[in-house]
Every structure is written in C-alpha cells, then in structure tokens.
Amino acid sequence: QVINTIMAGDGLAYTLPRAGGTNVKFVEELDRNYLEYASMQRQFADASQVKKTTMMSRLMQLVHELTKKGIHSTKRDLFYADVKLFEKQNFSDKILEELALMFGCTRHSLQVTASEKGLVVGRVQFNDDTDFIDCTKMGRSGKNIPSYIDRVSEIKSDYDKPAEFILLVEKDAAFQRLAEDRFYNTYPCIIITGKGEADLATRMFLRRVKDALNIPVLGLFDSDAHGLKILSVYMQGSEAMSHDSANLATPDIKWLGVRPSDLNKYNVPQDCRLDLTEHDVKFASSLLKKEYVIKRKAWVKELEKMLEQKEKAEIQAFTSKGFQYLTEVYLPRKLKEGDWV
C-alpha cells in the first residue's frame, strides 16, 4: 500500500488505526475494552506529520533488523539507536505502539520489550526459556517477571498444597511483607505485583497464570480512586492498549481490599488516613461514570462511601497496628469471611 501511494505520485503515507478517544468501547459481555476501527493517515508530504512519519519509517527499519536477526531490544535501547531523531523516549514509545497497531500485532511481536518491572513469588512453577523456575525459592524479593513473556511456558503449581488463588498486589512494599512472611505457605497462593501502574509483561503474565491454573484472582490495592483504576486496567485493559485487551485483560478479578468500608471496620487510625484532594474527588467522580464501574454495584457503593468520608488510605496504613497486621490479621480475616466484591 505504501509503495502504491509513492508510485501514484502521492508520496510516502501510512494508514493505521486511530487509538484511544471515542473509538474505545467497553463490551459488557466480554467485560473489557476494545478498539473500534477508525483509520488515520501519516503523510510525509504533510509538514505537520513529516517528523512522525520519519520516526515511524526509522522504527520500521530497526524492528526489521531485530526480527531478521532474531534478537530483542528494550524500548530504551531503541530510543538510543537514533537519539537525534527521536529526541525523547516517550516520542519513540508512542510511535512504536502505533507501529504495532498498524501491523495488527503486539509490541512483543516486534521483538521490543520494556525493562523488567513486575514480581512474582509463591506456589507457581514455570520455564523461563530453558530455566526451570520455582517461585517458592525466590526469597523475599521474588522473581522478576520476564519482560519478553513468550519465554514463559509450562506454568503449573505442582506442590503438596497447590495454589488456591492469585493475590494481585498494587505496591511493592506490601509484596515484600507478604513474601518475607511466606504468606503463600500459610495460605497456598501466588503473589504478583506490578509495583504501581501495571506494565504489559505483568498483565500478560497474570492472564497466562490465571488461564493455566484456572484459579481466582484477588486484588489488594490502596483505598483510593487511583488504586481502583489500576485494578480496572488489569481487568478491562487500558484505553491506550485497547487493541490488545484480549491478551492483556484478566476479567473477574475480585476486589479484596483495601476498600473504603475497611477503614472503619478495621479501625484504621485517623492519623493514617489522608484527606481527599480536589483531584481525588474529580477522579473518583469520573470513575462513577465508567461503564465497568456502573455494572458493579459494590464498586459504586465503595466509591460513594469514599466520597462521603472524604478519606483515602494506603495498604501500609495497617502497619500502624503492627508490622505483620496485614499478613496475620487483615488478610486472614478477609479470606475467612470471603469478604471481596
């Protein structure tokens, strides 16, 4: 198609799907976002687009080199391959996602990965390329989730007490507490964290483990609107990556905590609670208008309670009641009562 436009005298131009905006739809039956097709064009002859068109052409050249040699590169390395052209890494990152959109594939399929971020520990075993990994033997730091997720295979939980659920944790600090206390031995489980906002590798790994073991996923996130938003990205996929939500989204994650209703139920000290900022209020209110929130009445109730109390809290607020309160009191009680929504 590109060659045809050049031969027709129209110059270099790329046609690709338009990402984000109004063409991102939520499909209730699938419980995830998807990208409704709408095209856009990048033209070299257009002065406003010449820079991005040039960057896209250069990235295609670099990706072709990677695939031809059968090797991988990080997004950071790709940026440094032509710093003068890309100027900033977020520019090359954005064009790279558009390239994946144009080809109708994932970024991983282009042999490009991000730096390893997510961690896993607990009752799960898998092959990382040719290495056998047993995540009960990873100490308190856990195992880095491979950035190139296609290296992962043969996922299983072959123990005397196999994993009964996956505990998805927002923060690294909570993950470290759970890992050090060997929570996965007392309550057979797998503990995963993306250390804040979810990266692609962690989201894909979670989906693969869930599919392989067919066990429930329980989410432990901060009691604020941003924590709930991160949880929803794991569940429905992000709007920016809606074209690949089939591989990235893990539907039916249960919100275990920390929920706004938990603050009084577990007597979280007042000095460990934070007042909602104006931004928090606006963000929480915007979530109440999202289709994936509206369909979950318990989520609506919790968000409304947060706005009513005008308070939020981090998972670490429980440390005020003891360093191991999270692993010895809060989570055991939650699991015993089946207190998730």
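The structure presented is a predicted model; accordingly, all values stated were derived computationally and were not measured. (Residues numbered from 1 in each chain as written. Predicted model: local features only at pLDDT ≥ 70, side-chain atom pairs only at ≥ 80, totals over all residues. Heavy atoms only, no water.)

Overview of the nonpolar core
- One finds Val 120, Ile 190, Ile 192 and Phe 205 to be the most contacted residues of the largest nonpolar core, which totals 43 residues.
- Contributing elements (two or more residues each) for this core: strand E11 (152–156), strand E12 (165–169), strand E13 (189–193), helix H8 (200–213), helix H9 (225–236), helix H12 (278–287), helix H13 (291–294) and helix H14 (297–309).
- Apart from residues no more than four positions distant in its own chain, Phe 205 is found in contact with Val 120, Phe 126, Ile 145, Ile 149, Val 152 and Ile 192.
- Formed by 29 residues, the second largest nonpolar core is a distinct cluster that contains Leu 119, Ile 191, Ile 315 and Ala 317. (Core = buried A, V, L, I, M, F, W, Y, C linked by side-chain atoms within 4.5 Å. Buried < 20%, exposed > 50% of the residue type's maximum accessible area, 1.4 Å probe, protein only. Helix = DSSP H or I, 4+ residues; strand = E, 2+ residues; numbered from the N terminus. Contact = heavy atoms within 4.5 Å.)

Points about unusual backbone geometry
- Cis rather than trans, the peptide bond between Gly 257 and Val 258 has omega equal to -10°.
- With respect to the helices, strands and loops of the structure, Val 258 is situated in the loop between strand E15 (254–257) and helix H11 (262–265).
- Of note in the backbone geometry, Asp 252 takes a positive phi value of approximately 65° without being a glycine.
- Among the secondary structure elements, Asp 252 is positioned in the loop between helix H10 (245–248) and E15.
- The backbone of Lys 310 sits at a positive phi, close to 55°, despite the residue not being glycine.

Things to note about the pattern of salt bridges
- Counted under the stated rule, the structure contains 25 salt bridges.
- In this structure, Arg 177 and Asp 181 form a salt bridge, with 2.8 Å as the shortest nitrogen-oxygen distance.
- Residue Arg 177 is classed as partly exposed on the basis of its relative accessible area of 22%.
- Between Asp 280 and Lys 312 there is a salt bridge, and its shortest N-O distance comes to 2.8 Å. Of the two residues, Asp 280 is situated in helix H12 and Lys 312 in strand E17 (residues 311–312); the sequence distance between them amounts to 32 residues.
- Since its relative accessible area comes to 16%, Lys 312 is described here as buried.
- Residues participating in the shared-partner salt-bridge network are Arg 259, Asp 262, Lys 265, Glu 302, Arg 333, Lys 334, Glu 337 and Asp 339. (Salt bridge = Lys/Arg side-chain N within 4 Å of Asp/Glu carboxyl O.)

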